Structure formats: C-alpha cells, structure tokens
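Examining the three-dimensional arrangement
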Amino acid sequence: MRKPVLLSCCLLGTLLSGCGSMDAVQPTSGPRNVVLFLGDGMGISTITAARIHAGQKQGLPGEAYSLAFEKLPNVALIKTYNTDLQVPDSAGTMSALVTGVKTRAGVLSIPPSVNRGNCPEALKAPLPTLLEEAEALGLRTGLVTTARLTHATPAANYAHSADRNWEDDTTMPVPATGAGCRDIARQFVEFGGGDGVDVALGGGRANFFPEDTMDPEYAKPLGRRKDNRDLVAEWVAAGADRRYAWDRATFEAALATAEPGSTQLLGLFEPSHMQYDADRDTAAEPALAELAIAALDLLSSGNQDGYYLVVEGGRIDHAHHQGNAYRALEDTLAFDAAVAAVLERVDLEDTLVLVTADHSHTLTISGYPVRGNPILGKVRIPTGALLCGAD
C-alpha cells in the first residue's frame, strides 16, 4: 500500500502525466495545467433542473438544452461518502478530492484515523494536498469561490484542521490553541508551500481582520479576530507584488496594474459568503465567471511551468440548505457560465478541465409535468390541469 504522503502526489502526477516521488512528478506529455471546478451540492437533480431553467430562460426547450460542462467529452459518476457518515459534508469530500484519501466528516485534509476536534493527532499526520504539491513543484496556484475563503471546500486545499469550523481565532477551543493548532485564516496567511497561493478570490474578510476594524463596504465593525492581527496586511507584506481587493473597483484596479507571472492577488468581497448571484450588486461584486477569468489570466500570463486552479460554486449548496430552488439554480447557471468562460480561453491540449460536485441535495422534480412546464412553477399534466396532491 502506498504511503499517505505519496497519495496526492500520485494524483497530481496522474493529472500531469507523471507519478512517483515529489521530484519526479513533472509533466512529460498531455496537460500541464489543471482547472478543477466544483459545484457544491450540485447533484444530478440540480443539474437537470438547471439545464431546463437555462433553456427556458432563453425561450428554448429546456429539456433538450445542454449546460457548458455537459458538452465536455467525458462523463462519470463519483461515490460521495465519509468514513463515518453515509451523507457527506464538504470538508470530508473536498479533502478526499485533493488528497486521494477519504476522511471523516468535518475535518480538513487529515487522516480518517483522527477524530474530529482532536488537535494533537491532527498535527501529527497532515495529508498533502494537490495545491501544496503544485506549489512545491513551482506551479502557480489559485482558489476562487463564492463562499468564504476559509470555508470547507477552499480551505481543504491549503489547511489541515481537526474541525472545519475553526475559521478564525474566536472559533478555536482553548485546548486546541494550546496544543499548537492554528485557525484556518492563519493557515492561509502562514501557508508554507512555495510562494503561497498566488490568487485567492472569494468571501470571508471578517475572519482576517481584528474585531475593531470597520468594514469598508457596510460601515460597521468588520473583524472577528480577538488576537488583534490584521492577516490581510500580513499577507500583503509577505510578498513583493501582492495586492488586496474588496470590491469591483479595487479588483479591477489590481488587475489593471498586475505584472504577468509575478502579481499575487487576494480578494475578499464580503464579510461572510458572497451574495447569491440572483441578489448580487453587479456594480460592486464581480460574478464568479469574472473571478475565474481573472484568476486564469493571472496564473497563465508569463507562466511556462503550469498552474492549478480550483473554482467553486459554493452557494448552490447554501440555497439548497434553505430550500430555495430559484437561488440554487441561478447559482448553478453562474457556475456554468464560469466553466464556459474558462473553456473559451484555455487550450484543452495543455489544460485539463474537470467539473464535479462534492455531494447532492434532496431537490426533486415531482409528478409528470408536461414538456415545457416551468421548472420553478406548479406541475401541469398534458391535459393542462394542475397536478395536485391527494389532500
């Protein structure tokens, strides 16, 4: 059995046409770049409903419509479960995707032998992630999400934590802090691989600022940190060409002056998660597709060694948790728009594009609706009558 330290290395080697020791994992043929798209909570029924929704919004037969990622040449299904749960969470599933090891629910890139919340054991055996190994190989790396940057899916790429909820120092139990565990925001800023994550765009700025910091967008106290550390300032100061953005204006200004191959960008566009796409203020907050393209351009410009980019549609899941089909489908379409935008810009001969989900939700399409029935409307049968429940 291969040792855990080699598992994700072998994954990255497979993606980039190589395998073996860390030094041996170099692309020999095939793709030298990897873009991993993940629709959080985007199960089969969500894809089906989103396909119909997209087609109907354009006045087309929705049932026969195809999303951008449905046109990719290969398709497969994955089994999603944790080692301790039938129905998995995003922390365990993303950890499995980026380390090659199935883990418990609620933990980030640590072995399944470690119980959730056990800081000392988690520190002993962190599982290497694809992003860490990409950085070690000199590739440029990026994370784009509509969730908090410290949330489970993006965090699994750079953090090792016995609990996904340890996003800032206020969420850390005293024994865990005493044992040497660090909160997830700290782990991002103190990331020790290569020159650190080159592009990170999402929400969650409250976890990076002291509690007395005022939010630049909402004119109210922003920070959550009680250790009085300004992690954004620390991150910017740690690199020669690092930029920070918090809204569309600062984002576009950073891109306008970016130096190919050297600029690193941190964008935190909301105190918590970014807005649902249906509610987004387009003048203030970029769309997921815009963030993905910006990351792609920053990672690819002046880069001959390759890059690894993760793009998450994180709020599909959140809308499902709230039982809000409309916002879940609109965020799925925003996710698909990001896929389409990237596919238009990359050469599939040297860039591997993967689109997947981490788990599903209980979205159902009920009854036998007639073709063309509004996907968000009531069910009408072929006679035109509404299909009502027995009660």
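It should be noted that the structure appears before, not after, this text.
Described in the following lines is the structure provided in the data block. (Residues numbered from 1 in each chain as written. Predicted model: local features only at pLDDT ≥ 70, side-chain atom pairs only at ≥ 80, totals over all residues. Heavy atoms only, no water.)

Turning to the pattern of salt bridges, a few remarks are in order. Side-chain pairing between opposite charges can occur once the charged atoms of the two side chains come close. Following the criterion strictly, the structure yields 25 salt bridges and no others. Residue Lys-226 pairs with Glu-211 through a salt bridge whose shortest N-O separation is 3.0 Å. Of this pair, Lys-226 sits in the loop between strand E3 (199-203) and helix H9 (231-237) while Glu-211 is found in the loop between E3 and H9, placing the two residues 15 residues apart along the sequence. Where Asp-227 meets Arg-225, a salt bridge forms, and the shortest distance between an N and an O atom there is 2.7 Å. A relative accessible area of 29% means that Asp-227 is categorised as partly exposed. Residue Arg-225 is classed as buried on the basis of its relative accessible area of 0%. (Salt bridge = Lys/Arg side-chain N within 4 Å of Asp/Glu carboxyl O. Helix = DSSP H or I, 4+ residues; strand = E, 2+ residues; numbered from the N terminus. Buried < 20%, exposed > 50% of the residue type's maximum accessible area, 1.4 Å probe, protein only.)

Counted according to the given criterion, the structure contains one cavity of 30 Å³ or more. In this structure, the largest cavity spans a volume of roughly 90 Å³. What lines the largest cavity is a set of 15 residues, and nearest its centre among them are Thr-146, Gln-275, Asp-277, Leu-288 and Asp-331. Each residue belonging to the lining of the largest cavity can be placed in one class, and the counts come to seven nonpolar, four polar and four charged. (1 Å grid on protein atoms, 1.4 Å probe; cavity = no way out; pocket = protein on both sides within 12 Å on 5 of 7 lines; lining within 4 Å. Points joined across faces, edges and corners; volume = space filled by probe spheres on them. Nonpolar A, V, L, I, M, F, W, Y, C, P; charged D, E, K, R; others polar.)

Bringing the state of the cysteines into the picture now. Enumeration according to the criterion identifies one disulfide in this entry. With its sulfur 2.0 Å from that of its partner, Cys-119 forms a disulfide with Cys-181. Taking the torsion about the S-S bond as the criterion, the Cys-119 to Cys-181 disulfide, at about 115°, is right-handed. Of the two residues, Cys-119 is situated in helix H4 (residues 119-124) and Cys-181 in the loop between helix H7 (174-178) and helix H8 (184-189); the sequence distance between them amounts to 62 residues. (Disulfide = S-S within 2.5 Å.)

A word on the packing of helix H10 (residues 248-256) against helix H11 (residues 288-300). Following both chains from N to C, one finds H10 and H11 inclined at 20°, their axes separated by 12 Å at the closest point. One finds that H10 runs roughly parallel with respect to H11. Here H10 runs over H11; the crossing is left-handed. Across the interface between the two elements, Arg-248, Phe-251 and Leu-255 from H10 touch Glu-290, Leu-291, Ala-294 and Leu-298 from H11. Broken down by class, the residue content of the contact of H10 with H11 amounts to five nonpolar, no polar and two charged. (Axes fitted to C-alpha atoms, helices over the stretch in contact; angles between N-to-C directions. Parallel < 35°, antiparallel > 145°, perpendicular 65-115°, else oblique. Left-handed = near helix turned anticlockwise from the far one by under 90°. Contact = heavy atoms within 4.5 Å.)

Looking now at the layout of surface pockets. It is a probe the size of a water molecule, rolled over the atoms, that shows where empty space is left. By volume, the largest pocket amounts to about 1200 Å³. Residue lining of the largest pocket: 33 residues in total, with Val-75, Ala-76, Leu-354, Val-355 and Thr-356 positioned closest to the centre. Considering every element that reaches the lining of the largest pocket, the biggest residue donor is strand E7 (residues 351-357), with seven residues. Of the residues contributing to the lining of the largest pocket, the split by class is 23 nonpolar, eight polar and two charged. Of the pockets and cavities examined, the second largest pocket occupies roughly 280 Å³. As for the second largest pocket, its lining consists of 18 residues, and the residues nearest its centre are Thr-364, Ile-365, Ser-366, Pro-374 and Ile-375. Of all the elements in the fold, those that place two or more residues in the lining of the second largest pocket are helix H2 (44-57) and helix H13 (325-345). Partitioning the lining of the second largest pocket into residue classes produces twelve nonpolar, four polar and two charged.

Here we have seven strands laid out as an open sheet, ordered E4-E5-E3-E2-E6-E1-E7, and parallel in their pairing. This sheet does not close on itself; its edge strands, each paired only once, are strand E4 (242-245) and E7. For this sheet, the mean inter-axis angle between neighbouring strands, taken without regard to orientation, is 10°. As paired elements, E4 and strand E5 (residues 264-268) share four bridges and run parallel to each other. Bridge pairing in E5 places Arg-243 opposite Leu-265. With respect to the sheet, helix H3 (residues 90-99) is in contact with strand E1 (33-39), strand E6 (307-313) and E7, its orientation differing from that of E1 by roughly 165°. Its contacts with the sheet place H13 against E1, E6 and E7, and it is angled at close to 165° to E1. (Pairing = 2+ DSSP bridges.)

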